Amino acid sequence: MTTSTRGAAKTPAVLVLEDGRIFRGRAYGAVGETFGEAVFSTGMTGYQETLTDPSYHRQVVVMTAPHVGNTGVNDEDMESKKIWVSGYVVRDPARVPSSWRSRRTLDEELDAQGVVGISGIDTRALTRHLRERGAMRVGIFSGGAVQDDAALLARVQKAPQMKGANLSAEVATTEPYVVPAIGEKKFTVAAVDLGIKGMTPHRMAERGIEVHVLPATATVEDVYAVNPDGVFFSNGPGDPATADHPVSVMRGVLERGTPLFGICFGNQILGRALGFGTFKLKYGHRGINQPVQDRTTGKVEVTAHNHGFAVDAPLDKVSETPFGRAEVSHVCLNDNVVEGLRLLDRPAFSVQYHPEAAAGPHDAAYLFDRFVSLMEGQRA
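What counts and what doesn't
- Residues numbered from 1 in each chain as written.
- Predicted model: local features only at pLDDT ≥ 70, side-chain atom pairs only at ≥ 80, totals over all residues.
- Heavy atoms only, no water.
- Helix = DSSP H or I, 4+ residues; strand = E, 2+ residues; numbered from the N terminus.
- Rg over C-alpha atoms; globule rule 2.2 N^0.38 Å.
- Buried < 20%, exposed > 50% of the residue type's maximum accessible area, 1.4 Å probe, protein only.
- Contact = heavy atoms within 4.5 Å.
- Areas by Shrake-Rupley, 256 points an atom, 1.4 Å probe, with all protein chains shown as cover.
- Lys, Arg positive; Asp, Glu negative; His and termini not counted.
- Charge placed at Lys NZ, Arg CZ, Asp CG, Glu CD.
- Domains from an automatic or database assignment.
- Buried area = accessible area lost by both parts, 1.4 Å probe.
- Salt bridge = Lys/Arg side-chain N within 4 Å of Asp/Glu carboxyl O.
- Polar contact = N/O pair within 3.5 Å; in protein donor to acceptor, adjacent residues only side chain to side chain.
- Nonpolar A, V, L, I, M, F, W, Y, C, P; charged D, E, K, R; others polar.
- UniProt positions renumbered as here; feature names shortened; annotations may be inferred.
- 1 Å grid on protein atoms, 1.4 Å probe; cavity = no way out; pocket = protein on both sides within 12 Å on 5 of 7 lines; lining within 4 Å.
- Phe/Tyr/Trp six-rings, centres within 6.5 Å; stacked < 30°, edge-to-face > 60°.
- Core = buried A, V, L, I, M, F, W, Y, C linked by side-chain atoms within 4.5 Å.

Details of the overall build of the protein
And step 1. What the protein contains, in helices and strands, is 10 helices and 21 strands.
And step 2. For 380 residues, the compact-globule estimate of 2.2 N^0.38 gives 21 Å, and the protein sits close to it at 21 Å.
And step 3. Considering only C-alpha atoms, the protein reaches an extent of 65 × 40 × 35 Å along its principal axes.
And step 4. Here the protein holds 380 residues, and the buried ones make up 57% of them.
And step 5. Considering only contacts within the protein whose residues lie at least 6 apart along the sequence, 75% involve residues at least 24 apart.
And step 6. Working note: accessible area of the protein is about 15,300 Å², and carbon and sulfur atoms make up 48% of it.
And step 7. Averaged over its 40 positive side-chain charges, the protein has a centre that lies 4 Å from the centre of its 44 negative ones.

Pasting the structure below:
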């Protein structure tokens, strides 16, 4: 429940974590109440892309950068048609944005879209708390939603958890659409939308790929109805352990031997399709500065992340799967979490992070070229 108010900056607000920790500040954006999973993002820029990333559905994002909103909001950098975060937490919001591309303030945009936020709290202390205790449920309350602390805590503890949440269909397109190739068309790709970001099909279109974006409910028959040269599975929110339908569709693609590429949630789907398990990370990887090693080349990349779950696959050996041999192709250098998978006997691979990287580093952009190479090889 939210209400719009221009006096939000002076309205008291409170943030309540499910373990009882409380932070008090001022309302930012819409005034009201919201619930979600508290996570933190380490990116110093790209807040607009973070807010509109469907993978953040039902999450309250804490920005570790102290100053947020400096460049305002424009109409070009949206990753989807709306803001998906359920709440937003910043320390020191910009009073006046400074960018020739800015059309309105971040505060105004949050307010217009009904996103409840809080500012003026010690986000460093909150981040340290989440890093030590793990991601957890949280509520933000402002204006008339503020009650006594015990009542607010009880409400937070009744909110749904992220583990076991099946959310892809809530953020994916309901109707297929096509992103045309830029320049000469070279390939056709069927992209299963599990929460796709707008920059992803754009990166493929730049390489001469016509992208047919399909709903999360698409069947194997729907995928092959577009006569694809390759199949892509996108990022998205929720627990991969609940994604039985996408796993089934991916297995159908693997059986046919069509070149396959997955990003983020798509990596977890490939892991499950190959017979590996998935698990929830303590506090996840989010931001645009995560070091990952491509084990096929030894190269270390700075990459953009947004995931709270990971694939449980062995790092020290090649695994036998129903679709041939598979290995971990990428690994996070901070904590050895699996960041990529590769099949050795079929044209399929995936990564846990975001090579489209808007905003963020472009170290991993070559992965789209690797996908093109697979399709070229299959055609030859």
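Structural notes on the domain arrangement of the protein
And step 1. The domains assigned to the protein are domain 1 (2–156) and domain 2 (168–379).
And step 2. Each of domain 1 and domain 2 has a C-alpha centre, and these two points are 29 Å apart.
And step 3. Around 1,800 Å² of area is buried between domain 1 and domain 2 when both sides are counted, 48% of it from carbon and sulfur atoms.
And step 4. Scanning the region where domain 1 abuts domain 2 turns up 1 salt bridge.
And step 5. The salt bridge involving Lys280 is made with Glu37; its shortest N-O contact spans 2.6 Å.
And step 6. The interface formed by domain 1 and domain 2 holds 12 residue pairs in polar contact (both at pLDDT 80 or more) in total.
And step 7. Among the secondary structure elements, those contributing two or more residues to the side of domain 1 that touches domain 2 are β4 (31–41) and α3 (123–133).
And step 8. When its residues are assigned to classes, the side of domain 1 that touches domain 2 shows 7 nonpolar, 9 polar and 7 charged.

Brief notes about the UniProt feature "binding site: L-glutamine" (unreviewed entry) in the protein
And step 1. Mapped onto this numbering, the UniProt entry annotates "binding site: L-glutamine" (unreviewed entry) at Ser55, Gly236, Gly238, Phe265, Gln268, Asn306, Gly308 and Phe309. The greatest C-alpha distance among the annotated residues, which extend across 255 residues, is 13.4 Å, indicating that they converge on a single site. Taking the annotated residues in turn, Asn306 line the largest cavity.
And step 2. Along the chain, Gly238 turns up in the loop between β14 (230–233) and α8 (244–256).
And step 3. A relative accessible area of 10% means that Gly238 is categorised as buried.
And step 4. Locating Gly308 in the fold gives a position in strand β17 (residues 300–312).
And step 5. We classify Gly308 as buried; its relative accessible area is 13%.

Topic: the packing of aromatic side chains
And step 1. A full pass over the atoms with the stated rule returns 6 aromatic pairs.
And step 2. With a centroid separation of 5.4 Å and 50° between ring planes, the pair formed by Phe261 and Phe371 is classed as tilted. Here the residue Phe261 occupies a position in strand β15 (residues 260–263), and Phe371 occupies one in helix α10 (residues 366–379), the gap between them amounting to 110 residues.

Observations concerning the nonpolar core
And step 1. Residues Phe233, Met250, Leu254, Leu274 and Leu341 are the most contacted members of the largest nonpolar core, which totals 33 residues.
And step 2. Counting only elements with at least two residues in this core, the list comes to β12 (187–192), α7 (220–225), β14, α8, α9 (265–273), β19 (324–332) and β20 (338–343).
And step 3. The leading source of residues in this core is α8, at 5 residues.
And step 4. Setting aside residues no more than four positions away along its own chain, Leu254 makes contact with Leu260, Leu270, Ala273, Leu274, Phe323, Leu343, Arg346 and Ala348.
And step 5. If you look at the next biggest cluster of nonpolar residues, it comprises 22 residues, including Ile209, Val211, Ala364 and Phe368.

Digging into the pattern of salt bridges
And step 1. Scanning the model with the defined rule gives 19 salt bridges in all.
And step 2. Residues Asp75 and Arg104 are paired through a salt bridge, measuring 2.6 Å at the closest nitrogen-oxygen approach. Separated by 29 residues along the polypeptide, Asp75 in the loop between β6 (67–68) and β7 (87–89) and Arg104 in the loop between β8 (92–93) and α2 (106–112) bring together distant segments of the chain.
And step 3. The partly exposed category is assigned to Asp75, whose relative accessible area is 47%.
And step 4. Linked by salt bridges that have partners in common, Arg203, Glu206, Arg207 and Asp369 make up one network.

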